[in-house]
Amino acid sequence: AELNVDSHHDVRINQLQQLLQGSVVPMVHEGPLKICETYLSKESRDNHPPEQIAQLEEAMSEFIKLCGFGVKLVNQVIELRHLTEYEQFQDMIEKHYKIMREKLRGFLSNELQ
């Protein structure tokens, strides 16, 4: 699906790529995956109230969607503006997003995937 990026000149590629990198590329901290391993693994789910587990699953599902939106937005802006100097870094972010998405989906209920 293509995004409506009529105002693509207003998108700040550097800031959006930094935000995406901090969200999907594990560097200093383990991020969302560690949260899922800690609270949404089969072993730990029973240690927490079901309503909180459901809220966390919904938040992680929304996180995946928003990161995916950001990745698509940057890809389209790079293409529209012909910003080839950003492509290699964006490829790395997209690769890590796909890895993170698949790992996180393993912790979510089927209806949230």
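Anything mentioned here points back to the structure above.
In this report, the structure presented in the accompanying data block is examined.

Conventions and cut-offs
Each chain carries its own residue numbering, running from 1 in the written order of its sequence. The predicted origin of the model limits local features to residues at a pLDDT of at least 70 and limits the giving and counting of side-chain atom pairs to 80 or more, whereas totals for whole chains, interfaces and linings rest on all residues. Calculation of side-chain values draws on the structure's entire complement of heavy atoms; hydrogens and water are dropped beforehand. Counting from the N terminus, the helices are the DSSP runs of H or I reaching at least four residues and the strands are the DSSP runs of E reaching at least two. Burial status follows relative accessibility: with a 1.4 Å probe on protein chains alone, a residue under 20% of its type maximum counts as buried, one over 50% as exposed, and anything between as partly exposed. Contacts: residue pairs with any heavy atoms within 4.5 Å of one another. Reported accessibility uses the Shrake-Rupley method at a 1.4 Å probe radius. Residues are deemed covered only where the shown protein chains occlude them. Only residues whose relative accessible area exceeds 30% and that form no salt bridge are eligible for patches; like-charged ones are grouped when within 9 Å, while nonpolar side chains (Val, Leu, Ile, Met, Phe, Trp, Tyr) are grouped when within 5 Å. In the sections that follow, a salt bridge refers to a side-chain nitrogen of Lys or Arg positioned within 4 Å of a carboxyl oxygen of Asp or Glu. Working convention for charge: Lys and Arg count positive, Asp and Glu count negative, and His plus the chain ends are omitted. Charge positions are represented by NZ for Lys, CZ for Arg, CG for Asp and CD for Glu. Orientation is described by lines fitted to C-alpha atoms, with helices fitted over the stretch in contact, and by angles between N-to-C directions that extend from 0 to 180 degrees. The crossing is said to be left-handed when, going from far helix to near helix, the turn is anticlockwise and less than a right angle, and right-handed when the turn is clockwise. Residue type decides the class: Asp, Glu, Lys and Arg count as charged, Ala, Val, Leu, Ile, Met, Phe, Trp, Tyr, Cys and Pro as nonpolar, and the leftover types, Gly among them, as polar.

1. Observations concerning the overall build of the protein chain
- Counting its secondary structure elements, the protein chain contains 4 helices and 0 strands.
- By the burial criterion, 36% of the 113 residues in the protein chain qualify as buried.
- Long-range contacts, defined as pairs at least 24 residues apart, comprise 75% of the intrachain contacts of the protein chain with a sequence gap of at least 6.
- Surface accessibility of the protein chain: about 7,600 Å² in total, with carbon and sulfur atoms responsible for 51%.

2. A few points about unusual backbone geometry
- Positioned with a positive phi, His82 is a non-glycine residue whose angle comes to about 60°.
- Here His82 lies in the loop between helix H3 (50-81) and helix H4 (87-105).
- His82 sits in the exposed class, given a relative accessible area of 65%.

3. Focus: a negative patch on the surface
- There is a patch of like negative charges on the surface, built from Glu79, Glu85, Glu87 and Asp91.
- Tracing the backbone shows Glu85 in the loop between H3 and H4.
- Judged by relative accessible area, which is 57%, Glu85 ranks as exposed.

4. Some remarks on the pattern of salt bridges
- For the structure on display, the rule yields 4 salt bridges.
- Between Glu57 and Arg45 there is a salt bridge, with its nearest N and O atoms 2.8 Å apart. Placement of the pair is Glu57 in helix H3 and Arg45 in the loop between helix H2 (31-39) and H3, with a sequence separation of 12 residues.
- Given a relative accessible area of 6%, Glu57 falls into the buried group.
- One salt-bridge network, held together by shared partners, links Arg101, Glu102 and Arg105.

5. Let's talk about the packing of helix H1 (residues 13-24) against H3
- At a minimum axis separation of 10 Å, H1 and H3 run at an interaxial angle of 145°. Crossing of H1 over H3 shows left-handed handedness. Along its contact with H1, which presents Ile13, Leu16, Gln17, Leu20, Ser23 and Val24, the element H3 presents Phe63, Cys67, Gly70, Val71, Leu73, Val74, Val77, Ile78 and Arg81.
- Residue composition of the contact of H1 with H3, by class: 11 nonpolar, 3 polar and 1 charged.

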